[in-house]
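For reference, the chains in residue letters:
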Amino acid sequence: MIEFKTEVVTTTILDPREGFARKEIDSEIRYDPLTGESRRLAHFGMIKPRKEDFSSWDTPENRSRCPFCPPNIERMTPRFPPEVLQDGHIRRGEATLLPNISPYDRFSALAVMGTRHVVPLEELSPSLLKDTFLAEMDFFRIIAAKSFGTPYNIVIWNYMPPSGGGIVHPHQQIIVSDSPGNLLRKSLENSRRYYQVHRQNYWRELCRAEKEKGQRFAGELERSCWLASFAPLGVLGEFLGIFPDVHTVSDVDGAVIDELVSGLERLFRYFSSANIYSFNMGLFFAPEGTEKYFSLHLRVIPRLFLNLEQKTSDVNSLLMVLQEPFAVVQPEKQCAELRSFW
Ligand SMILES: [Zn+2]
């Protein structure tokens, strides 16, 4: 029932590298199976990520300017007013959740991930990830209990500068809103439509279909399946972690968080092996009342500087002007590599 639609586009050039002989070059247009939106796949193998060494940023001077480094976090970061959070912030193990000093929604929070200014991917420990997600779940539950009329719960994460992260000290962002943003709105609308037509939850069906096909199915854990996205949003692809039978914030217990961390750990080990050191992440919860057709899921989109000399951005006119995500990787090839980390 889920359609994985692809068009191969062939173009002909006279290639100077081969004495101006005729050469055919293929690119692909893929359509997102949920929304029908198109993506380009081209330039295969042309961009090789290179690892950058961040240890040089971890200096006393940089730490003294960072609002999240101790002792600055106590005096430079804001607190919530008591009607939102009695204690002003949430502490869970190594994580501290506080309001964003530059909010972009009514409830716009940050979860500061520990006291270390620079944490390389290999050192993002399971306990640090777990503390962070647990603090965020506390926040979602507290806000939900106060009935502010904000049904959408989202976690986003810009990890390292290529992802657009302004502060290198690791922190996730938490949004509780009545405005879901374009991607979540489209996902919800199309998931509802899919359910109306097929009487099935799209996310469960996607896991089933991808497991059956095998090409983009990295592996599964007790409640979740992990995939390379058929029609990726990023230059180096996109990865999905889907919990088909977990929906709203109130469905999420410690076991779900453990599994989320465990899936991410596997993904991060693959990233390290592939020289991927920066990403955007989105964790989307089902709003109340959408449980039949929407499931908890995670998107992780690798980001990179196209070259380290000019720090060329991997976002260009294709995405900004044409709103057309562009990938230089074959999700099926990536997934074959990722699978060995499962
Ligand atoms: Zn810091």
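Provided above is the structure to which this section pertains.
Rules used throughout
Residues numbered from 1 in each chain as written. Predicted model: local features only at pLDDT ≥ 70, side-chain atom pairs only at ≥ 80, totals over all residues. Helix = DSSP H or I, 4+ residues; strand = E, 2+ residues; numbered from the N terminus. Rg over C-alpha atoms; globule rule 2.2 N^0.38 Å. Buried ≥ 20, exposed ≤ 12 C-beta atoms within 10 Å, placed from the backbone. Arc of directions from axis to C-beta. Contact = placed C-beta atoms within 7 Å. Axes fitted to C-alpha atoms, helices over the stretch in contact; angles between N-to-C directions. Parallel < 35°, antiparallel > 145°, perpendicular 65-115°, else oblique. Left-handed = near helix turned anticlockwise from the far one by under 90°. Pairing = 2+ DSSP bridges.

A. Region of interest: the overall build of the chain. In terms of regular secondary structure, the chain is built from eight helices and 14 strands. In terms of overall size, the chain behaves like a compact globule, its C-alpha atoms giving a radius of gyration of 21 Å where 342 residues would be expected to give roughly 20 Å. Once the C-alpha set of the chain is aligned to its principal axes, its extents read approximately 70 × 55 × 35 Å. Residues counted as buried form 36% of the 342 residues belonging to the chain.

B. Just helix α8 (residues 331–339), in detail. Every buried residue belonging to α8 is among P331, Q334, C335 and L338, and all of these are buried. Down the axis of α8, the buried side of the element spans an arc of 100°, and every buried residue falls inside it. Contacts made by the buried residues of α8 are with β9 (217–220), β10 (225–228) and α6 (254–273).

C. Quick peek at the environment of R199. For R199, the location among the structural elements is in the loop between α4 (182–198) and α5 (202–213). When the C-alpha atoms of R199 and Y293 are compared, they prove to be 8.6 Å apart, with 94 residues separating the residues in sequence.

D. Focus on the packing of helix α3 (residues 126–145) against α6. At a minimum axis distance of 9 Å, the contact between α3 and α6 shows a crossing angle of 135°. Comparing their axes, α6 and α3 come out oblique. Between α3 and α6 the crossing geometry is right-handed. Of the residues in α6, those touching α3 at P126, L129, K130, F133 and L134 are I257, D258, L260, V261, L264 and E265.

E. How the structure looks around the environment of F341. Mapped onto the secondary structure, F341 falls in the segment after α8. In this structure the C-alpha to C-alpha distance between F341 and A218, which are 123 residues apart in sequence, comes to 8.6 Å. The contacts of F341, once residues within four sequence positions are left out, are R266, R269 and Y270.

F. A look at the sheet that holds strand β13 (residues 296–302). Taken together, ten strands build an open sheet; the order of strands is β4-β5-β6-β8-β7-β12-β13-β11-β10-β9 and the sheet is antiparallel. Both outer strands of the open sheet, β4 (90–92) and β9, are each paired with one neighbouring strand and no more. Going across the sheet, the axis of each strand differs from the next one's by a mean of 15°, ignoring polarity. With three bridges connecting them, β4 and strand β5 (residues 95–99) associate as antiparallel partners. Bridge pairing in β5 links R91 to T96. Contacts from α6 reach β10, β11 (239–243) and β13 within the one sheet, and its direction differs from that of β11 by about 165°.

Spatial relationships are all this shows, so hold off on functional conclusions.
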